[in-house]
Amino acid sequence: MNILYICHRFPFPPKRGGKIRPFNMIRHLTASGHKVTVCSLARSEAEAAEGQGISPHCEAFHMARVQAPVQALRMVARLASSTPSSMGYFYSPELQARVKSLLAGQSWDLIFVHCSSVAQYVEHVTDIPKILDFGDMDSQKWLEYANYKPFPLSLGYQLEGSKLQTEEKRLAGCFDLCTATTRAEWETLNSYGSGADTDWFPNGVDADYFSPGSEPYDADTISFIGRMDYYPNQECMSRFCDQVWPLLKARRPGMKLLIVGADPSPAMRRLGDLPGVTVTGSVPEVQPYVRRSALMVAPLNIARGTQNKILEAMAMGVPVVTSSIAAGGVDAQAEHHFLVSDTPQEYAQAIFRIAEDPAERQRLAVAGRERMLSHHAWPRSMERLDAIIARGVKKFADKNRGVA
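For the structure given in this document, a descriptive report is provided here. Small disclaimer: the values here were computed from a predicted structure and weren't measured.

## Observations concerning the pattern of salt bridges
Item 1. One pass over the full model with this rule turns up 23 salt bridges.
Item 2. The partner of Glu356 in a salt bridge is Arg251, with the nearest N and O atoms 2.6 Å apart. With Glu356 in the loop between α15 (344-355) and α16 (358-375) and Arg251 in helix α10 (residues 245-251), this residue pair connects regions lying 105 residues apart in the sequence.
Item 3. Taking relative accessible area as the criterion, Glu356 reaches 35% and is therefore assigned partly exposed.
Item 4. Of the residues examined, Arg251 reaches a relative accessible area of 49% and is grouped as partly exposed.
Item 5. One network of salt bridges, in which partners are shared, links Asp197, Asp199, Arg384 and Arg391.

Take a look at the structure:
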């Protein structure tokens, strides 16, 4: 098939959550013999330069450059309208013109869109099969932000979340089939009552790249991995260091916490002043930090979809202690494959359970990796994607033939 693929972040290199899922789809579709043309945005010269590396994985790609101040103005312009500001942030007249030109100049068998914020580029198209992969239901994240932000910011997040939820429901009706990343996100999508045909397929993990190490781990080291300019990561680590870290240090004074992730804010860097805490900033690879840890924590209060950091740690054979809300995005069972906590005392007990019992750590390490291999491998996920695409294309064909 000749496939036009549109996504909100340029999907190469696949080093962050918003790029990993689309890249693996594009790579799989190309390897399956389809011709995939990628359209997306680049927000800096560095991102544009790095993005050239996608060339071997697709038929062609089109990259529209956008500037932060201009995108901010586009967001502000939508505040007084019913259109979510998110749509302004991901809108580019240049990308719209390129998509229009591609649609007019070629014959397409499928349009595949990843992320609702870029569905606007093709929502009007009716003569080509279309699939919208919401990934996460972004509206729910904005609505959750409202519970953590002070007034009047909380009001702004509430407004944006409500507008985006209405838009998600409307957009679902513009596509032949809509998907999400997890069963929970799929259930949220279905709760809208849009009448859209829906399904879900999980994120995978590269279990060869994220594999167990041969070096011994340090029973007194725990880690957290994630971009530190991302509010849910900032919120959870501020709370963890304030409420859980003192409990850990009181019992094990030599315990160390590695907070590993790009672009930490000044507040995040100040966490490095706490005894035993290291804030690394950007690192070439996260694997060495995770592998030498007794466990990784993912104490997120705000979490939609799949937390790739959890998949990666489990694939490396490093046990994970996570919140119940983040656990919902992983196809694994609490106690069997990872530990789930929600209160400071529960986190401390779970962490000590792993750090102080090598046999328990080994049990979770083995079970966690095996679960990733069986339930979160990309080939398994892409099998589901293939079936979803076939279903969407058939639905479009049946509709145009008048088949009920």
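## With respect to the side chain of Arg371
Item 1. You can see Arg371 is positioned in helix α16.
Item 2. Judged by its relative accessible area of 15%, Arg371 falls in the buried class.
Item 3. If sequence neighbours within four positions are ignored, Arg371 has contacts with Asp331, Ala332, His337 and His376.

## With respect to the sheet that holds strand β5 (residues 130-135)
Item 1. Strand order across the open sheet formed by seven strands is β3-β2-β1-β4-β5-β6-β7, with parallel pairing between neighbours. This sheet does not close on itself; its edge strands, each paired only once, are β3 (60-65) and β7 (198-200). Ignoring which end each strand starts from, the neighbouring axes of this sheet average 20 degrees apart.
Item 2. Bridge count for strand β6 (residues 177-180) against β7 is three bridges, and the pairing is parallel. Bridge pairing in β7 links Thr179 to Asp199.

## Overview of the nonpolar core
Item 1. Counting residues in hydrophobic clusters, the biggest one holds 57 residues, and the most contacted among them are Phe240, Leu248 and Ile259.
Item 2. With seven residues, the single largest contributor to this core is α15.
Item 3. Leu41, Val99, Val113 and Leu132 belong to the second-largest nonpolar core, a separate cluster that totals 32 residues.

## So, the packing of aromatic side chains
Item 1. Throughout the structure, instances matching the rule amount to eleven aromatic pairs.
Item 2. Measuring from ring centre to ring centre gives 5.4 Å for Trp142 and Tyr157, while their planes differ by 25 degrees; the resulting arrangement is stacked. With Trp142 in helix α6 (residues 138-145) and Tyr157 in helix α7 (residues 153-172), this pair connects stretches of sequence that are 15 residues apart.
Item 3. Of the residues examined, Trp142 reaches a relative accessible area of 23% and is grouped as partly exposed.
Item 4. Assessed through its relative accessible area of 18%, Tyr157 is described here as buried.
Item 5. The interplanar angle of 75 degrees and the centroid separation of 5.3 Å between the aromatic rings of Tyr145 and Tyr157 together place this pair among those described as edge-to-face. Here Tyr145, found in helix α6, pairs with Tyr157, found in helix α7; they are twelve residues apart in sequence, far enough to count as distant. The pair formed by Tyr145 and Tyr157 is uniform in burial state, with each residue classed as buried.
Item 6. Following the ring pairs from residue to residue traces out a cluster consisting of Trp142, Tyr145, Tyr157 and Tyr231.
Item 7. When the ring centre of Phe175 is taken as origin, the NZ or CZ atom of Lys130, which lies over that ring, is 4.5 Å away.

## Digging into the packing of helix α13 (residues 308-315) against α16
Item 1. Where α13 meets α16, the axes come as close as 7 Å, and the angle between the chain directions of the two elements is 120 degrees. In this structure, α13 meets α16 at a crossing whose hand is left-handed. Residues Leu311, Met314 and Ala315 of α13 pack against Ala365, Gly368, Arg369 and Met372 of α16.
Item 2. Of the residues that constitute the contact of α13 with α16, the class distribution is five nonpolar, one polar and one charged.

## Some thoughts on unusual backbone geometry
Item 1. Pro13 follows Phe12 through a cis peptide bond whose omega is -5 degrees.
Item 2. Position of Pro13 relative to the elements: it lies in the loop between β1 (2-7) and α1 (17-31).
Item 3. Cis peptide bonds are those with omega within 30 degrees of zero, and the linkage from Phe151 to Pro152 qualifies with 5 degrees.
Item 4. Mapping Pro152 onto the fold places it in the loop between α6 and α7.

## Here we look at the packing of α6 against α7
Item 1. At a closest axis distance of 8 Å, the pairing of α6 and α7 adopts a crossing angle of 165 degrees. Our classification of the angle between α6 and α7 gives roughly antiparallel. Judged by the sense of rotation from one axis to the other, the crossing of α6 with α7 is left-handed. Taking contact as the criterion, the partners of Asp138, Ser139, Gln140, Trp142, Leu143 and Tyr145 in α6 are, on α7, Tyr157, Gln158, Glu160, Gly161, Ser162, Leu164, Gln165 and Glu168.

Calculation rules
Residues numbered from 1 in each chain as written. Predicted model: local features only at pLDDT ≥ 70, side-chain atom pairs only at ≥ 80, totals over all residues. Heavy atoms only, no water. Salt bridge = Lys/Arg side-chain N within 4 Å of Asp/Glu carboxyl O. Helix = DSSP H or I, 4+ residues; strand = E, 2+ residues; numbered from the N terminus. Buried < 20%, exposed > 50% of the residue type's maximum accessible area, 1.4 Å probe, protein only. Contact = heavy atoms within 4.5 Å. Pairing = 2+ DSSP bridges. Axes fitted to C-alpha atoms, helices over the stretch in contact; angles between N-to-C directions. Core = buried A, V, L, I, M, F, W, Y, C linked by side-chain atoms within 4.5 Å. Phe/Tyr/Trp six-rings, centres within 6.5 Å; stacked < 30°, edge-to-face > 60°. Lys NZ or Arg CZ within 6 Å of the ring centre and 35° of its normal. Left-handed = near helix turned anticlockwise from the far one by under 90°. Nonpolar A, V, L, I, M, F, W, Y, C, P; charged D, E, K, R; others polar. Parallel < 35°, antiparallel > 145°, perpendicular 65-115°, else oblique.

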